[in-house]
Amino acid sequence: MKVPFHRPFIGDEEIQEVVDTLKSGWLTTGPKVKKFEQAFSEYTGAKHAIAVNSCTAALHLSLAGLGIGPSDVVITTPYTFVATAEAIQYVGARPVFVDIKESDFNIDPVKIEEYLSSGANKELRTRALMPVHMAGQACDMNAIMAIAQKYNLHVVEDAAHCTEGWLENYQGEKAKVGTIGDATCFSFYATKNITTGEGGMLTTDNEELAEKVRILALHGMSRDAWKRYTAEGSWYYEIVAQGYKYNLTDIGAALGLVQLKKVEKMHALREKYAKLLTREFVDLQEIIVPTESPNVRHAWHLFLLRLQLDKLKISRNEFINKLQERGIQTSVHFIPLNLQPYFQQTFGYKKGDFPVAESVYESVISLPFFPSMTEEEVGYVAKCVKEITRNHI
Ligand SMILES: *Cc1c(COP(=O)(O)O)cnc(C)c1O
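Quick summary incoming for the structure in this document. Quick caveat, the model's predicted, so the values are computed rather than measured. (Residues numbered from 1 in each chain as written. Predicted model: local features only at pLDDT ≥ 70, side-chain atom pairs only at ≥ 80, totals over all residues. Heavy atoms only, no water.)

1. Digging into the pairing of strand E8 (residues 183-187)
Burial within E8 is extensive, with five of its five residues counted as buried. Of the two faces of E8, the one carrying Ala183, Cys185 and Ser187 and the one carrying Thr184 and Phe186 are both buried. Pairing geometry for E8 and strand E9 (residues 200-204), over four bridges, is antiparallel. Bridge pairing in E9 links threonine 184 to threonine 203. (Buried < 20%, exposed > 50% of the residue type's maximum accessible area, 1.4 Å probe, protein only. Helix = DSSP H or I, 4+ residues; strand = E, 2+ residues; numbered from the N terminus. Pairing = 2+ DSSP bridges.)

2. Structural notes on helix H8 (residues 250-261)
Look at H8: 17 Å from first C-alpha to last across twelve residues, which is about the 16 Å you get at 1.5 Å a residue. Here H8 has its buried residues at Asp250, Gly252, Ala253, Ala254, Leu255, Gly256, Leu257, Val258, Gln259 and Leu260. Where the residues of H8 are buried, they touch helix H1 (12-24), helix H2 (31-44) and helix H9 (263-281). (Expected span 1.5 Å × (residues − 1). Contact = heavy atoms within 4.5 Å.)

3. Quick notes on the pairing of E9
Of all five residues in E9, five are buried, a share of seventy percent or more. Across the two faces of E9 the burial is the same, with Gly200, Leu202 and Thr204 and Met201 and Thr203 all buried. Relative to E9, strand E1 (residues 48-52) runs antiparallel, the two being bridged by five bridges. By the bridge assignment for E9, alanine 49 is matched with threonine 203.

4. Description of the site of the ligand
In the region of the ligand, 16 residues are neighbours, and Thr56, Asp158, His161, Ser187 and Lys192 sit closest. Cysteine 55 places a main-chain nitrogen or oxygen 2.9 Å from an oxygen atom of the ligand. In this structure, threonine 56 approaches the ligand through a side-chain N or O atom, which is 2.5 Å from an oxygen atom. The protein chains hide 92% of the 380 Å² of surface that the ligand would expose on its own. (Near = heavy atom within 4 Å. Polar contact = N/O pair within 3.5 Å; in protein donor to acceptor, adjacent residues only side chain to side chain. Areas by Shrake-Rupley, 256 points an atom, 1.4 Å probe, with all protein chains shown as cover.)

5. Re the nonpolar core
In this structure, Phe36, Ile75, Tyr79, Ile112 and Leu129 are the most contacted members of the largest nonpolar core, which totals 62 residues. By size, the runner-up hydrophobic cluster in this structure holds 31 residues, among which are Leu284, Ile320, Ile328 and Cys384. (Core = buried A, V, L, I, M, F, W, Y, C linked by side-chain atoms within 4.5 Å.)

6. What about the environment of threonine 126?
Looking at where threonine 126 falls in the secondary structure, it is placed in strand E4 (residues 125-130). Residue class for threonine 126 comes out partly exposed when judged on its relative accessible area of 21%. Along the backbone, threonine 126 and isoleucine 68 are 58 residues apart, and their C-alpha atoms lie at a distance of 9.6 Å. Non-local contacts of threonine 126, meaning those with residues more than four positions away in its chain, are made with Val73, Ile75, Tyr115, Leu116 and Leu153.

7. Considering the sheet that holds strand E11 (residues 296-297)
Backbone-to-backbone hydrogen bonds pair the strands of a sheet. The strands run either parallel or antiparallel. One open sheet accounts for three strands, arranged E7-E6-E11; its pairing is antiparallel. Where the open sheet ends on each side, the last strands, each with one partner, are strand E7 (174-176) and E11. Bridging between strand E6 (residues 166-168) and E7 involves three bridges; their strand directions are antiparallel. Paired with leucine 167 across the strands is alanine 175, a residue of E7.

Encoded structure:
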């Protein structure tokens, strides 16, 4: 049996909707984008949802819209995709990494406070926190928002993995991801929980920020450019800021509209497969399954298996090769950014700076885990993982 790392969950409905867009005569940002934004705003409960062409763009626009720039610091995690730190640099700010928690691989609020009270980088102002909801499990946003309030910082969430997530706030109320920080950024990249091929969404409850972001996302034009070509618009526009070209197409939004309708159905499958895999591995002391934090709804973007390397006679890389030999494609999320040459050369980060992130990285494998998997495929993955583990105790 061959199991790919990912296979899209696209049905006739998505195809119909995209064909409808192609036949409509309107391909770029237009009525479908508006509908997708409205639907996403309803789904998350956020006041404003602004569709863009990637999560990276959403992260960049959030920081730009909040006025973060040169000689500012943004605190984030080294255990993320490079896009998070790149977006910080797009506005000229400096990414400062703090280590993660062993339990959920999310940024450790205790270490954020340690950095803030340490007096490091005194010549620079820390302006924002950029937590990443790793694998789909929300960070400890209650602690993070409290720190932000105490130090007067903005919060921009990288929710690329966390479209379906929520957590309970201190009042015991359900706080949906997308309604917590100043801005939240979602990814609709091909492998994410819902997809538009390439795409992203920025949500915020802040009207002023939303207005700024809309302008920045389309060349700094003062009004929706797509209206220029409709009966309600005119040819006239003003450039009021240095903007970017970050708008989503109606073709992408058509896909997103249908995907969003299916998001809870797909999430139910993700949850089901997570439970299935967890049950299969429960007796194995040599591997650690993902833990679910209490009072958090896991979006289950990734299933991160950790090997107890001291109990195994096989390395993580060899384990991956053994799975490959059995036709199973895996991945590793993520290589900590302090191990990447660019971040070492630019900011002086080095191996050893973030022991938790590094030890998680050395022992982690992302299994194939997606809603279009069959139960047979999930069973085969579980069987192979158990076999390889038992052969190397
Ligand atoms: C995928 C991903 C991004 C970037 O998303 P794009 O839509 O491809 O720009 C950012 N952060 C994390 C954690 C991701 O996994």
